[in-house]
Amino acid sequence: EYGDKLMFESQNEELGWETMWNPWGGTEGKAESYALVNEVNQKFVDVVRNSGGNNPQRHLLISGYNTDITRTCDPLFKMPDDPANRMAISVHYYTPAGFAILEEDADWAKAMSTWGTDSDMKELNGWMDMMKTNYADKGIPVIIGEYGCPTKNKEPESVRKFLSSVCKAAYERGLCPVLWSTPGGHYDRATFKLADQQLKAEYDKITGGKRPAPVETSTTTETTATTTETTTTTTETTTTVTTTAETTTTGAETTTTETTTSETTTVTETVTTTEPKTEVTLCGDANCDGKVDVSDAVLIMQTLSNPSKYQLTEQGKANADCSGDGDGVTNSDALAIQKFMLSLIDKLPETSK
């Protein structure tokens, strides 16, 4: 039920198989590996969109091939079909690896202590242009889900220049960069500040150094009891200049509106009550909404892992016991529903007894 501040990402870096296609060894197996990548991403979208709650409209982050820019911009990579059309593409940026990854020489590359030549800047802008051309210009948001570099054996000024240059190049093209910082890295997790204030100053030049303004907060709570509906609006004013109030009463419904010339924060609580629903007898329908889908498997797992927070109704328990083992509601029932949704089994048993 979370709102748009929660996104789901299909996976992290490992989507793509060198055992099937070696990117440094020709094209054998390449089409097959890309086909599997596309299939996994499509299945991810399909499962989330059919899982209930806010998930039919939730923003989704689609992993590129190995989250690598070159491979994600290959014509064989395809964005999934999404009925909500709320997807962004995810790539990572650790280029050149000798500076952005290695702290010491490796058998596959030499560590670099400095960065920032004209050639380095040209390479960076080339990669960012590639993502802009292939995705941002086509209306597909781009999130650089990780970028960064270590500080060990690196020139501090080069570290600042690399991090700020990647951020600036992304911002200039409408891409969203996300700094990767392990404990002890660029961000101090004890003070909640960037450890390097010179780096912060460079970031502030790019972003303007401003935090977004607070937005109105609203919460909605729904309960089931009787057939009445009540709406209460409370307005909290920080600085009042002029206040007017208008109250209208009609029957059992009262609406009060307050208007001020100052900034306000409004919290609205809506309590909607209806007659209890008639619960449906349907094998697998754990939430008793009249259909069997992934949300039923999710509810079963939530009930088993946190019974104090999630509970099944009596009818829901009867519906959820669908694996045919007669052991009551268990993980096997959630698994049976998932197999049914993936067409791995033709149907759920009519009864588990």
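All values derive from a computational prediction rather than experimental measurement.

Draft legend 1. Just the nonpolar core, in detail. Formed by 41 residues in total, the largest nonpolar core has its most connected members in Y93, M128, M131, I144 and F162. Elements supplying a minimum of two residues to this core: helix 1 (30-49), strand 2 (60-63), strand 3 (87-93), helix 3 (97-100), helix 4 (118-134), strand 4 (142-147), helix 5 (156-172) and helix 6 (197-207). The residues contacting F162, other than those within four sequence positions of it, are Y93, T95, F99, A100, W115, G148 and C149. V292, L299, A336 and L348 belong to the second largest nonpolar core, which has 13 residues in total.

Draft legend 2. Highlighting the sheet that holds strand 1 (residues 8-9). The strand order across the open sheet formed by five strands is 1-2-3-4-5, and the pairing between neighbours is parallel. The two strands at the open ends of the sheet, each matched to only one other strand, are strand 1 and strand 5 (176-179). Pairing geometry for strand 4 and strand 5, over three bridges, is parallel. Bridging from a neighbouring strand, I144 pairs with P177 of strand 5. In the packing of helix 1 onto the sheet, contacts are made with strand 1, strand 2 and strand 3, and the angle to strand 2 comes to roughly 165°.

Draft legend 3. Region of interest: the confidence of the model for the protein chain. In this model, the protein chain carries a mean pLDDT of 82, and residues with pLDDT of at least 70 account for 78%. In the model, residues 217-275 has pLDDT below 50 throughout and makes 84 contacts with residues more than four positions away in sequence or in other chains.

Draft legend 4. Layout of unusual backbone geometry. The omega torsion of the bond from T95 to P96 falls at 0°, within 30 degrees of zero and hence cis. Checked against the element boundaries, P96 lands in the loop between strand 3 and helix 3. Located in the positive-phi region is F192, a residue other than glycine, with phi close to 60°. Mapping F192 onto the fold places it in the loop between strand 6 (187-188) and strand 7 (193-194). Residue class for F192 comes out exposed when judged on its relative accessible area of 62%.

Draft legend 5. Geometry of the layout of surface pockets. Its volume calculated, the largest pocket comes out at about 1000 Å³. Lining the largest pocket are 29 residues, and of these E1, N287, L299, Q302 and Y310 sit closest to its centre. For the lining of the largest pocket, the secondary-structure elements that each account for two or more residues are helix 1 and helix 7 (294-305). The leading source of residues in the lining of the largest pocket is helix 7, at five residues.

Draft legend 6. Broad picture of the packing of helix 4 against helix 5. Axis separation between helix 4 and helix 5 bottoms out at 10 Å; the angle between their running directions is 35°. For helix 4 against helix 5, the interelement crossing comes out right-handed. Contact residues: M121, L124, N125 and M128 in helix 4; S165, V166, A169 and A170 in helix 5. Its residues assigned to classes, the contact of helix 4 with helix 5 shows six nonpolar, two polar and no charged.

Draft legend 7. View of the side chain of R173. In this structure, R173 sits in the loop between helix 5 and strand 5. A distance of 2.9 Å separates a polar atom in the side chain of R173 from the backbone oxygen of A169. Those residues within four positions of R173 in sequence are excluded, and the remaining contacts are N125, M128, D129, K132 and A136.

Draft legend 8. Inspection of the environment of A320 at higher detail. With respect to the element layout, A320 can be found in helix 8 (residues 314-320). Judged by relative accessible area, A320 falls into the buried class, the value being 0%. Taking the C-alpha atoms as reference points, A320 and D333, 13 residues apart in sequence, are found 6.5 Å from one another. Among all residues touching A320, those that are not within four sequence positions of it are A286, I300, L312, V329 and D333.

Draft legend 9. Broad picture of helix 7. Look at helix 7: 17 Å from first C-alpha to last across twelve residues, which is about the 16 Å you get at 1.5 Å a residue. Among the residues making up helix 7, those that are buried are V294, S295, D296, A297, L299, I300 and T303. Against the buried residues of helix 7 lie helix 1, helix 8 and helix 9 (331-341).

Draft legend 10. Structural detail: the pairing of strand 3. Burial analysis of strand 3 places seven of its seven residues in the buried class, the great majority of the element. Burial of the side chains of strand 3 extends over both faces: M87, I89, V91 and Y93 are buried on one face and A88, S90 and H92 on the other. For strand 2 and strand 3, the ladder comprises four bridges, and the chain directions are parallel. Of the residues in strand 3, the one forming a bridge with S63 is S90. Here strand 3 pairs with strand 4 via five bridges, running parallel. Paired with S90 across the two strands is I143, which belongs to strand 4.

Here is what the cut-offs are and how they apply
Residues numbered from 1 in each chain as written. Predicted model: local features only at pLDDT ≥ 70, side-chain atom pairs only at ≥ 80, totals over all residues. Heavy atoms only, no water. Core = buried A, V, L, I, M, F, W, Y, C linked by side-chain atoms within 4.5 Å. Buried < 20%, exposed > 50% of the residue type's maximum accessible area, 1.4 Å probe, protein only. Helix = DSSP H or I, 4+ residues; strand = E, 2+ residues; numbered from the N terminus. Contact = heavy atoms within 4.5 Å. Pairing = 2+ DSSP bridges. Axes fitted to C-alpha atoms, helices over the stretch in contact; angles between N-to-C directions. pLDDT = per-residue confidence, 0-100. 1 Å grid on protein atoms, 1.4 Å probe; cavity = no way out; pocket = protein on both sides within 12 Å on 5 of 7 lines; lining within 4 Å. Points joined across faces, edges and corners; volume = space filled by probe spheres on them. Left-handed = near helix turned anticlockwise from the far one by under 90°. Nonpolar A, V, L, I, M, F, W, Y, C, P; charged D, E, K, R; others polar. Polar contact = N/O pair within 3.5 Å; in protein donor to acceptor, adjacent residues only side chain to side chain. Expected span 1.5 Å × (residues − 1).

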